[in-house]
Amino acid sequence: MATKVVMEALSPTMEEGRLVEWKKNTGDAIAIGDVLAEVETDKAVMELVARAAGVLINQAVTAGTTVPVAGVVAWIGTAGEAVPGGGGAPAGAQPSAPANANAAERRAEKPPVVTEATPGGPGTQVPGASARSAEPEPAPAASGQQPGGRVKASPLAKRIAADQGVDLAGIAGSGPEGRIVMRDVERAGSAPAASIAIPRAVVTGAGFTDVPLSQMRKTIAKRLIQSIGPIPTYYLTAEADMERVAEARESLIAKDDKGKFSFNDFVIRAAAAALRQHPWVNAWWMDNQVRQWHEVHIGVAVAVDEGLITPIIRHADQKSLREIAAEVRELAGRAREKRLKPEEYTGGTFSISNLGMFGI
């Protein structure tokens, strides 16, 4: 009997996902754990893997379609087996690009860039179920060259290779089944990481242009409505003399050639110490009770191309300024590449959003 492949909740807050690109075609043999497709969640681009073995007998949706969690996206069965119920798109599926558009062409589209400053919100708890990261774990290297001259590589690896002029045919892939991934291209060409461009179907009319929302922007809009709606909002203004902090920062940079310190790092360290002293601030409103957290996990708002994400500095009150600075830089870099794992951007007890670059 055929087994349905559903849109999985690949992040704790995911309600729907956009199927960016199919990695397997109808008729392909499938093993458990094979990457079937890449899916854009509300936070990152992740891989949808097979939970059953057999043959991919039907792709229920086309690339570019938005599907609610638990919606059917494909069927796995035996060769020649009929699709139960005739297949077709699941209820709630929304195509966001023409069905006959080629995936590579959609990736090449560059919609207008919208700049937006958005305050960071508190993180959410990580559920028991684990999720796969956007890049697979290293596997024994194998050739990325496939029969017929086709190179097996991830979309991100292809984009970086194109930007850096690297020939994928000469690279050994370390991903599943010899697939070339980003780290392989970086090793081959010492290329810096590039951000992922998500395909968009742009509709233009007389005097306007409609650019479909990414999953991240949809989530940001929902969170902003919640933050100004049922959650009480109030504003406090105070002035602080930061001259001694500026002097301390300059002194640390002069003495420590391994460390880079920003004013934001000082704010994180000070906020972490304050939260330890004032547990009523390190808390969540839970409708019927206030949950005071015993640990201090600070979410730091990081601007990305399509919005904002808050990687978490865990146990910030127990870390030195140098440790905080290094961790923020590392997490922010991977956040901009959409390579954060769910546990790295959920579970925050307090959030900091610094808009100093806008003169605030």
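Just so it is clear, the model here is predicted, and its values are computed rather than measured. (Residues numbered from 1 in each chain as written. Predicted model: local features only at pLDDT ≥ 70, side-chain atom pairs only at ≥ 80, totals over all residues. Heavy atoms only, no water.)

Chemist: Which residues make up the packing of aromatic side chains, and what values do they have?
Modeler: Scanning the model with the defined rule gives one aromatic pair in all. On the basis of an interplanar angle of 70° and a centroid distance of 4.9 Å, the ring pair of W284 and W293 is categorised as edge-to-face. One Lys or Arg, R249, reaches over the ring of F263 and ends 4.9 Å from the middle of that ring. (Phe/Tyr/Trp six-rings, centres within 6.5 Å; stacked < 30°, edge-to-face > 60°. Lys NZ or Arg CZ within 6 Å of the ring centre and 35° of its normal.)

Chemist: Describe a nonpolar patch on the surface, naming the residues involved and giving the relevant values.
Modeler: Among the surface-exposed residues, W280, W285 and V290 lie close enough to one another that they form a single nonpolar patch of about 420 Å² accessible area. Mapped onto the elements of the fold, W285 is located in strand β14 (residues 283-285). (Patch = residues over 30% accessible without salt bridge, like charges linked within 9 Å, V, L, I, M, F, W, Y side chains within 5 Å. Areas by Shrake-Rupley, 256 points an atom, 1.4 Å probe, with all protein chains shown as cover. Salt bridge = Lys/Arg side-chain N within 4 Å of Asp/Glu carboxyl O. Helix = DSSP H or I, 4+ residues; strand = E, 2+ residues; numbered from the N terminus.)

Chemist: Explain the sheet that holds strand β6 (residues 54-59) to me, using residue names and the numbers behind them.
Modeler: Spatial ordering of the open sheet is given by β1-β8-β6-β3, a layout of four strands whose pairing is antiparallel. The open sheet has two free edges, formed respectively by β1 (3-6) and β3 (29-30), since each of these has just one partner strand. Bridge count for β3 against β6 is two bridges, and the pairing is antiparallel. Opposite I30, over in β6, you have G54 as the bridge partner. (Pairing = 2+ DSSP bridges.)

Chemist: Tell me about the side chain of D317, and name the residues and values.
Modeler: Structurally, D317 can be placed in the loop between β19 (312-313) and α7 (321-336). Looking at D317, the relative accessible area reads 16%, which means it is buried. A polar contact is formed between the side chain of D317 and the side chain of R276, at a distance of 2.8 Å. Setting aside anything within four residues of it in sequence, one finds D317 in contact with R269, A272, R276 and V296. (Buried < 20%, exposed > 50% of the residue type's maximum accessible area, 1.4 Å probe, protein only. Polar contact = N/O pair within 3.5 Å; in protein donor to acceptor, adjacent residues only side chain to side chain. Contact = heavy atoms within 4.5 Å.)

Chemist: If you had to explain empty space enclosed by the protein to someone new, which residues and values would you point to?
Modeler: Counted under the stated rule, the structure contains four cavities of 30 Å³ or more. In this model, the second largest cavity occupies a volume close to 90 Å³. Considering every element that reaches the lining of the second largest cavity, the biggest residue donor is helix α4 (residues 215-228), with five residues. Residue classes in the lining of the second largest cavity are distributed as one nonpolar, three polar and six charged. (1 Å grid on protein atoms, 1.4 Å probe; cavity = no way out; pocket = protein on both sides within 12 Å on 5 of 7 lines; lining within 4 Å. Points joined across faces, edges and corners; volume = space filled by probe spheres on them. Nonpolar A, V, L, I, M, F, W, Y, C, P; charged D, E, K, R; others polar.)

Chemist: For the sheet that holds strand β20 (residues 350-352), give the residues involved together with the corresponding values.
Modeler: The sheet built from three strands is open, its strands ordered β19-β16-β20 with mixed pairing. Edge positions in the sheet fall to β19 and β20, since each has one partner strand and no second. Bridge count between strand β16 (residues 298-300) and β20: three bridges; the pairing is parallel. Across the sheet, residue V300 finds its bridge partner in β20, namely I352. Of the strands in this sheet, β16 and β20 touch helix α6 (residues 263-277), which is tilted by about 155° from β16. (Axes fitted to C-alpha atoms, helices over the stretch in contact; angles between N-to-C directions.)

Chemist: Explain the pattern of salt bridges to me, using residue names and the numbers behind them.
Modeler: Tallied over the entire structure, the rule returns 11 salt bridges. A salt bridge links R276 to D317; the shortest N-O distance between them is 2.8 Å. Taken together, the residues span a long stretch of sequence, with R276 in helix α6 and D317 in the loop between β19 and α7 at a distance of 41 residues. In this structure, E327 engages K319 in a salt bridge whose closest nitrogen and oxygen atoms are separated by 2.6 Å. Residues participating in the shared-partner salt-bridge network are E330, R334 and E344.

Chemist: Describe the confidence of the model for the protein chain, with residues and values.
Modeler: Per-residue pLDDT for the protein chain averages 77, and the proportion of residues at 70 or more is 76%. Scored below 50 in pLDDT, residues 97-143 shows 105 contacts in the model against residues more than four places distant or in partner chains. Here residues 191-199 is a poorly scored stretch, pLDDT under 50, and it has 31 contacts once near neighbours within four places are set aside; other chains count. (pLDDT = per-residue confidence, 0-100.)

Chemist: Please provide a residue-by-residue account of the nonpolar core, values included.
Modeler: With 24 residues, the main nonpolar core has I268, I298, I309, I313 and L340 as its most contacted residues. Counting only elements with at least two residues in this core, the list comes to α4, α6, β16, β17 (302-304), β18 (307-309) and α7. When residues of this core are assigned to their parent elements, the largest contribution, five residues, is made by α7. Leaving out residues up to four positions away in the same chain, I309 has contacts with K43, V300, A301, V302, V304, A335, L340 and Y345. (Core = buried A, V, L, I, M, F, W, Y, C linked by side-chain atoms within 4.5 Å.)

Chemist: Describe unusual backbone geometry, with residues and values.
Modeler: With phi around 50°, H315 is a residue other than glycine that occupies positive phi space. You can see H315 is positioned in the loop between β19 and α7. Classification of H315 as partly exposed rests on a relative accessible area of 28%.

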